[in-house]
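Examining the three-dimensional arrangement
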Amino acid sequence: MTAVLESIYRGITYRGNEGHWAWILHRVSGLGIALFLSLHIVSIFLVGIGPKAYGWVHATLYVSPPAKILEVFLIFGVLYHAANGMRIIIIDFFPALGKYQRLIVRIELVIVILVFIPAAIITLASLF
Amino acid sequence: MGVVTSPNVKRKYGAPSFERYSWFFMRISGLIMFLAVTFHLLYMHMVVKVENITFENIVERWNGPYGLLWKAFDLSLLLLGMLHGYNGVRWSINDYIHHKGWNLALRILLYILAGILITAGLAVLINGPGDLR
Ligand code: HEM
Ligand code: HEM
C-alpha cells in the first residue's frame, strides 16, 4: 500500500509544469469517464428489463439534483479529455508542432472553459 | 507511459508489440470518439433533453425507422469506449501497482468487469427493450 501511495505521490509532485498537469488531469478525467461509462451501461441495460426499472434509474441517476451536479463534472471531464486527447493525437502525428506545446495547452484550456461555462449553466438551470 | 517492461522480453527496439498496438488504438479510437461522443452528448442534451429520455423515448429510437442505425452507433460507442477506457485503466494499474500478484489480480478483475459490461451492453442492443413491469 505504501508503495502504491508513494508512486502516486511521485506522480503528483514531479515538476513538469503545464505538460505534467495536463497529463494528470487527462488521467483523472479518463478514469472518471470510465467509471461513468460503467454505470451508464448498467443503466441502459435496465431498458432491457422494463419501463419500471429504467424509470427508476432515469429519475435517480439522470435528473435528480445530485445527478445534475455530478453531470457538471462529467461534462467538464469529457470536454477536457476530448480536447486534450486531440492535442496529444495531433502532436504525436505532427511532432514538429511540439515546440508550440505550451501555447497549444493554453489555447486548449481557453476553448474548454469557453464551452464548459454555458454547458454548465444550461445543465444547472434545470435545478431552478 | 503505462508500460510494465519486462527484462526477459527479447524484442528489438521499436518492433511491433501488443503495447505498441494499444498505443495506436488509443489514438484511433480517440479520434473516432471525438466525433461520436460529441454527437451523442449534443443529441441527448440539446435535441432530446435529458429529462425527456424516458423508456418510451429510447424504444422509439431503437424500434423506429432508423433503429438499426441508432443501434450500430450505440454499438460502436460501446466497443470503442469500453476498450479505450478500460485499456486506460489497465495502463494506470500498471503505473501504480508494482507488486506482481496484486497487479495481476487487479487486471483479472478488470477484464472480468469489462467482459460483463460489454456483454450487458450487447445483450440490450440485441434483445431490445424488455416488458417486465
Ligand atoms: C449525461 C450524459 C449522457 C446521457 C444523457 C446519455 C444518454 C444515453 C441514452 C439515452 C442511451 C440509449 C441509447 C439510445 O437512446 O439511442 C445511451 C447509450 C449509450 N451511451 Fe450515453 N449518454 C450520456 C453520456 C455518455 C458518455 C459520456 C458516453 C461515453 C462513451 C456514453 C456512451 C454510451 C454507450 C456506449 C451507449 C450504448 C449502451 C449499450 O449498448 O448498452 N454516453 N446514452
Ligand atoms: C472523446 C474522445 C476521446 C479522445 C480524443 C481521447 C484521447 C485519448 C488519448 C490520446 C489517450 C492516450 C494518452 C496517452 O498516451 O498518454 C487517452 C487515454 C485515456 N482515455 Fe481517452 N479519449 C477520448 C475518450 C475517452 C473516454 C470516453 C474514456 C472513458 C471511457 C477515456 C478514458 C481514457 C483513459 C482512462 C485513458 C488513460 C489515461 C492515462 O494513461 O493517463 N477516453 N485518451
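Residues numbered from 1 in each chain as written. Chains lettered and ligands numbered in written order. Predicted model: local features only at pLDDT ≥ 70, side-chain atom pairs only at ≥ 80, totals over all residues. Heavy atoms only, no water.

1. Thoughts on unusual backbone geometry
Both trends apply: most residues other than glycine have a negative phi, and most peptide bonds are in trans. The line we're drawing: A helix here means a DSSP run of H or I that spans at least four residues, while a strand means a run of E at least two residues long, and both kinds are numbered starting from the N terminus.
The residue Lys 49 of chain B is not glycine, and still its phi comes out positive at about 75°. Mapping Lys 49 of chain B onto the fold places it in the loop between helix 1 (18-48) and helix 2 (55-63).

2. Some details on the site of ligand 2
Selection rule: Whether a residue is near a molecule or strand depends on its heavy atoms: if one lies within 4 Å, it is near. We call two N or O atoms a polar contact when they sit within 3.5 Å, provided that within protein one can donate a hydrogen and the other can accept it, with sequence-adjacent residues counted only if both atoms are side-chain atoms. Under the convention adopted here, Pro, Cys and the residues Ala, Val, Leu, Ile, Met, Phe, Trp and Tyr are nonpolar, Asp, Glu, Lys and Arg are charged, and Gly plus all remaining residues are polar.
Neighbouring residues of ligand 2: 24 residues in total, closest His 26, Arg 27 and His 81 of chain A together with Arg 27 and His 84 of chain B. Mapping the residues near ligand 2 onto chains gives chains A and B. Between ligand 2 and His 26 of chain A, the relevant distance is 3.3 Å, taken from a nitrogen atom to a side-chain nitrogen or oxygen of the residue. A distance of 2.8 Å separates a nitrogen atom of ligand 2 from a polar side-chain atom of His 81 of chain A. Those elements giving two or more residues to the shell around ligand 2 turn out to be helix 2 (17-45) and helix 4 (65-93) of chain A together with helix 1 and helix 3 (67-96) of chain B. At eight residues, helix 2 of chain A tops the list of elements feeding residues into the shell around ligand 2. By residue class, the composition of the shell around ligand 2 is 13 nonpolar, nine polar and two charged.

3. Describing the interface of chain B and chain A
The line we're drawing: Contacts are assigned to residue pairs with any non-hydrogen atoms lying within 4.5 Å of each other. By convention, the term buried area covers the 1.4 Å-probe accessible surface removed from two parts as they join, with the contributions of both added. Salt bridges are defined as contacts in which a side-chain nitrogen from Lys or Arg sits within 4 Å of a carboxyl oxygen from Asp or Glu.
Taken together, the contacts link 43 residues of chain B with 36 residues of chain A. Of the roughly 3200 Å² buried between chain B and chain A, counting both surfaces, carbon and sulfur atoms make up 74%. Considering only the side of chain B, the residues that lose the most area to chain A are Arg 27, Phe 55 and Tyr 96 of chain B, jointly responsible for 20% of the buried surface there. Taken together, the connections running from chain B to chain A amount to two salt bridges. For Asp 95 of chain B, the salt bridge identified is with Arg 27 of chain A, shortest N-O distance 2.8 Å. Counting across the chain B and chain A interface gives 11 residue pairs in polar contact (both at pLDDT 80 or more). Residues that form the side of chain B that touches chain A fall into these classes: 26 nonpolar, 12 polar and five charged.

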